[in-house]
Amino acid sequence: MTSAVPVSSPTIALALGAGGARGLAHIAVLEALDDLGLPPIEIAGTSMGAILGAAYAAGLTGREIRAHLLGLLRDRAGAMSLLLRARVGRFKDLFSGSFANPVLIDGEAFLDLFWPKVVPDRFEELKMPFTAVATDYAGRCEAAFSSGPLAPAVAGSMAIPGLVKPVVANGRILVDGGAVNPLPFRGLIARADIVIACDVTGGPVADRTGAPTPFEAMFGTAQIMQNAITAEMLKVSQPDILLAPAVQSFRVLDFFKAAQILSASEPMRDEIKRRLDAIIVARQTMDIA
């Protein structure tokens, strides 16, 4: 993609939403902005958006994040071995009387194993401002973090009930940010010339037949909830550019379909350029008038 951007380049703020494996589509957005020479000056992320947003804010390019991800997933056995190391419990716990969940993931251990090593320990060490959005379980409200230890905040943002254990940080119990703010663009409004938000909650799947498994139903219902929350948020305010990659056919845990998800996201690269150009031209015309 060519980088035909007007001389007076705008500043960009970027919101990356929740969506499990669908959130890998965010990488295409990061690559597109890199290609245009318009890296965001600020990022906010929820769940998978927080994981990728933090890596980008640490100074990695979109292409470097793609290469790191595909390198990890290319060795399926190795990736599963790392995932097993991040578990809270063990299968023997089922019979020990402790009632520990043998598949529950420790989010901080997961990040330590899967994040690129250049990702720092604290928000203050990132290359650009970044906000991780989680949910305060006891307070029943949003918990946004932009300073202090990075991993606990992002682990809290990705703490999907039944999959990733809650995180205790700053005296608050944190769970999945998608429960309250699946697309965290509102805090970015007026922070940059143009706010871009990438919604990966997905729309209806027309060709789906048959009942989902209990596991699918649990996570699928959560994504339907997130989709509904996002729709209501957009009735109140909107980003300058709202992106919705065609990832609705992928499930929340389809991480080993990363290459297909990235391929399905490719059309966004040209879409971002077209829409940025249209906004810049419109605003320049208004200034002249």
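What comes next concerns the included structure. (Residues numbered from 1 in each chain as written. Predicted model: local features only at pLDDT ≥ 70, side-chain atom pairs only at ≥ 80, totals over all residues. Heavy atoms only, no water.)

Here the idea is plain: a probe the size of a water molecule rolls over the atoms and shows the empty space left. Taken as a whole, the largest pocket encloses approximately 900 Å³ of empty space. Leu 83, Phe 110, Phe 114, Leu 253 and Phe 255 are the residues nearest the centre of the largest pocket, which is lined by 36 residues in total. Classifying every residue of the lining of the largest pocket gives 32 nonpolar, 3 polar and 1 charged. (1 Å grid on protein atoms, 1.4 Å probe; cavity = no way out; pocket = protein on both sides within 12 Å on 5 of 7 lines; lining within 4 Å. Points joined across faces, edges and corners; volume = space filled by probe spheres on them. Nonpolar A, V, L, I, M, F, W, Y, C, P; charged D, E, K, R; others polar.)

Turning our eyes to something else, we now look at the packing of helix α1 (residues 26-36) against helix α3 (residues 62-74). Following both chains from N to C, one finds α1 and α3 inclined at 145°, their axes separated by 7 Å at the closest point. For the pair α1 and α3, contact is made by Ile 27, Leu 30, Glu 31, Asp 34 and Asp 35 and by Gly 62, Arg 63, Ile 65, Arg 66 and Leu 69, respectively. Residues of the contact of α1 with α3, tallied by class, amount to 4 nonpolar, 1 polar and 5 charged. (Axes fitted to C-alpha atoms, helices over the stretch in contact; angles between N-to-C directions. Helix = DSSP H or I, 4+ residues; strand = E, 2+ residues; numbered from the N terminus. Contact = heavy atoms within 4.5 Å.)

Across 5 bridges, strand β3 (residues 130-136) lies against strand β4 (residues 141-145) in antiparallel orientation. For Ala 132, the partnering residue across the bridge sits in β4 and is Phe 145. Linking two consecutive strands that pair antiparallel, namely β3 and β4, is a turn of 4 residues; a positive phi of about 55° is found at Arg 140 within it. (Pairing = 2+ DSSP bridges.)

For the rest of this paragraph, the subject is empty space enclosed by the protein. Scanning the model with the defined rule gives 1 cavity of 30 Å³ or more in all. In this structure, the largest cavity encloses a volume near 80 Å³. Every residue lining the largest cavity is listed: Ala 18, Gly 19, Gly 20, Ser 47, Ile 160, Asp 176, Phe 219, Ala 222, Gln 223, Gln 226 and Val 252. For the lining of the largest cavity, the class distribution of residues is 5 nonpolar, 5 polar and 1 charged.

To continue, consider helix α5 (residues 107-114). When we look at burial in α5, the residues that qualify are Gly 107, Phe 110, Leu 111, Leu 113 and Phe 114. The buried residues of α5 all sit within an arc of 165° when viewed along its axis, so they share a single face. For α5, the side-chain oxygen to backbone nitrogen distance between the N-cap and Glu 108 is 3.0 Å, and the N-cap itself is Asp 106. (Buried < 20%, exposed > 50% of the residue type's maximum accessible area, 1.4 Å probe, protein only. Arc of directions from axis to C-beta. Polar contact = N/O pair within 3.5 Å; in protein donor to acceptor, adjacent residues only side chain to side chain.)

We now examine the environment of Met 268. Mapped onto the fold, Met 268 is located in helix α9 (residues 267-288). Expressed as a C-alpha distance, the spacing of Met 268 and His 26, which sit 242 residues apart in the sequence, is 9.8 Å. Met 268 has contacts with Ala 25, Ala 28, Val 29, Cys 198, Leu 243 and Pro 245, leaving out every residue within four places of it along the chain.

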